[in-house]
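Structure assessment
If you want the building blocks of each chain, they are given just below.
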Amino acid sequence: MFIAEFWLKFNNGAETLQLPVNPDAISVTSTHGFKDIDVTNLGEYTVIGGGQLREYSLSSFFPRDHNTSFCAVPSVVDPYECVAIIERWQRSGKPTRFIVTGTPINVAVTIRSFEYSERGGEPGDVYYTLGLKEYVFLTVNKKDDNSAAGGSVSVSMPKLNAAARPSTRETPKSYTVKAGDSLWKIAARVYGNGDDWRKIYDKNKKVIGANPNLIKPGQKLVIPS
């Protein structure tokens, strides 16, 4: 008689956990993206989107004591050690692999929810419900000499820095100091960068004086471009 095995594997199989008691059932949710739109004078229309990632839900328990009548493993691990393993994998920020032998289920997943509790009359046994969601590794084709071989590599999108973006800010020719102003605040307002305050000070030393921190409301400052 064939008995399926339920496995969770982490870090490319470096760590594994076989569920000691097989769940009675697995709930698999497979949905597709749809968006309903109301179009004036035409009524409601549906825009068909792409397929959504599958979700898996299962419930069972980690037994305190081994019992051959329901255990799928030769020996059991302490229930709260199993709990600690799953919680650590959940918090790791990395996917886990979910496998059910004898079925097509062999997928990378994220652990979306993990609920557990003890029940009266069954001391030491930990009952749990596990919510998993399919995980897809993103890859793009690398356009180099190896592209003909169909190779792909994981890449991160480049970040645009401020210098790479064209500036649409118009710099005023002058500025009248207001109460609460400082050269740093003025530079941040007119240039978008408070660290450029010295440009303003160097242009207005005769008006401001020797101390750049002492500016007064009503002073009219020339703003260099």
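See above for the structure.
Not measured: the values here are computed from a predicted model. (Residues numbered from 1 in each chain as written. Predicted model: local features only at pLDDT ≥ 70, side-chain atom pairs only at ≥ 80, totals over all residues. Heavy atoms only, no water.)

**Notes on the nonpolar core**
This is how the line gets drawn: To define a nonpolar core, start from buried Ala, Val, Leu, Ile, Met, Phe, Trp, Tyr and Cys residues and group those joined through side-chain atoms within 4.5 Å. Each residue is placed in one exposure class: buried if its accessible area under a 1.4 Å probe, protein chains only, is under 20% of its type's maximum, exposed if it is over 50%, and partly exposed if it falls in between. Secondary structure elements are taken from DSSP: a helix is a run of H or I of four residues or more, a strand is a run of E of two residues or more, and numbering for both begins at the N terminus.
Ranked by internal contacts, the top residues of the largest apolar core, which has 25 residues, are L8, F62, I86, F98, L130 and L132. The set of elements that each furnish at least two residues to this core consists of β1 (6-10), β6 (55-62), α1 (79-91), β7 (96-100), β8 (106-117) and β9 (126-134). Top contributing element to this core by residue count: α1, with five residues. With 13 residues, the next largest nonpolar core counts V190, Y191, I208 and I223 among its residues.

**Section: the pattern of salt bridges**
Which entries qualify depends on this criterion: The salt bridge criterion pairs a side-chain nitrogen of Lys or Arg with a carboxyl oxygen of Asp or Glu, the two atoms within 4 Å.
Going through the model one piece at a time under the given rule, you end up with five salt bridges. In this structure, E15 engages R88 in a salt bridge whose closest nitrogen and oxygen atoms are separated by 2.6 Å. Here R88 lies in helix α1 and E15 lies in strand β2 (residues 15-18), a separation of 73 residues in the sequence. Since its relative accessible area comes to 25%, E15 is described here as partly exposed.

**Details of the packing of aromatic side chains**
So the rule is basically this: Aromatic contacts are taken between Phe, Tyr and Trp rings whose centres are within 6.5 Å, Trp giving its six-membered ring; a plane angle under 30 degrees counts as stacked, one over 60 as edge-to-face, and the others as tilted. Lysine NZ or arginine CZ positioned within 6 Å of the ring centre and within 35 degrees of the ring normal marks a charge as sitting over the ring.
In the structure shown here, the tally under the stated rule is ten aromatic pairs. Relative to Y116, the ring of F114 lies with its centre 5.3 Å away and its plane at 40 degrees, an arrangement referred to as tilted. Judged by relative accessible area, Y116 falls into the partly exposed class, the value being 33%. A centroid spacing of 4.9 Å and a plane angle of 85 degrees characterise the contact between Y135 and F137, whose relative ring orientation is edge-to-face. Judged by relative accessible area, Y135 falls into the partly exposed class, the value being 34%. Counting every residue linked through ring pairs, the aromatic cluster contains F62, Y80, F114, Y116 and Y128. Between the NZ or CZ atom of R119 and the centre of the ring of Y127, over which it lies, the distance is 3.7 Å.

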